[in-house]
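# Coordinate inspection notes
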Amino acid sequence: DQGPMTFKVLYQPYSEDTQQQVIRETFHLVSKRDANACNFLEGGLFIGGDNKLIYRHYAKLYFVFCVDSSENELGILDLIQVFVETLDKCLENVCELDLVFHIDKVHNILAEMVIGEMVSETNINEIVMQIDAQNKLEKSEPRQERDPISTKRIFKKLAKHGGTLL
């Protein structure tokens, strides 16, 4: 009954194979835990070392952060809660399909909260206000300016630079 991973952000470079191994191991470790178990666990073979997994399970969605041992577990649980509440406010009753169809918004929300591995904002109202401002800015831009592969833009650039089409 478990679906594929919907969203991931890595702050360290890993090969695609290593990423897939870490994701499989994370899913295996987290999904087999009892609902009453603690939300913190030591990393496995690929995650291991000085890292630990901190997660929350909401309905069918798992939100998992892999952090080093110097991080405050309760602080990360709070960060996950703020992330989920912000998603819920911005996407209205967030579900897995919202994460799939609005992945850009999900990335923007997390980017408002975490910058370069550092938590920068946890005030839900401030995050929502920034996301709303981004949405208004996107809506105010002409469509062709937002679409990098716009046919009009290609023809304009070709004409500007004396290009010809064959």
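Residues numbered from 1 in each chain as written. Predicted model: local features only at pLDDT ≥ 70, side-chain atom pairs only at ≥ 80, totals over all residues. Heavy atoms only, no water.

A few words on the sheet that holds strand E3 (residues 61–68). In a beta sheet, neighbouring strands are held together by backbone hydrogen bonds and run either parallel or antiparallel to one another. Strand order in the open sheet formed by three strands is E1-E2-E3, with antiparallel pairing between adjacent strands. Lying at the two open borders of the sheet, with one neighbouring strand each, are strand E1 (40–42) and E3. Neighbour-to-neighbour, the strand axes of this sheet turn through a mean angle of 25°, independent of strand direction. Of the pairings in the sheet, the one linking strand E2 (residues 51–58) to E3 comprises eight bridges and is antiparallel in character. In the sheet register, Tyr58 faces E3, and the bridge partner there is Leu61. Contacting E1, E2 and E3, helix H2 (residues 73–91) runs over the sheet at an angle of about 40° to E2. (Pairing = 2+ DSSP bridges. Helix = DSSP H or I, 4+ residues; strand = E, 2+ residues; numbered from the N terminus. Axes fitted to C-alpha atoms, helices over the stretch in contact; angles between N-to-C directions. Contact = heavy atoms within 4.5 Å.)

What follows deals with a nonpolar patch on the surface. Taken together, the side chains of Leu97, Val100 and Phe101 present a nonpolar region at the surface, about 330 Å² in accessible area. Within the element layout of this structure, Val100 appears in helix H3 (residues 96–101). (Patch = residues over 30% accessible without salt bridge, like charges linked within 9 Å, V, L, I, M, F, W, Y side chains within 5 Å. Areas by Shrake-Rupley, 256 points an atom, 1.4 Å probe, with all protein chains shown as cover. Salt bridge = Lys/Arg side-chain N within 4 Å of Asp/Glu carboxyl O.)

In terms of strand pairing, E1 meets E2 through three bridges, oriented antiparallel. The partner of Leu41 across the bridge, within E2, is Leu53. Two successive antiparallel strands, E2 and E3, enclose a turn made up of two residues, where Ala59 displays a positive phi of approximately 50°.

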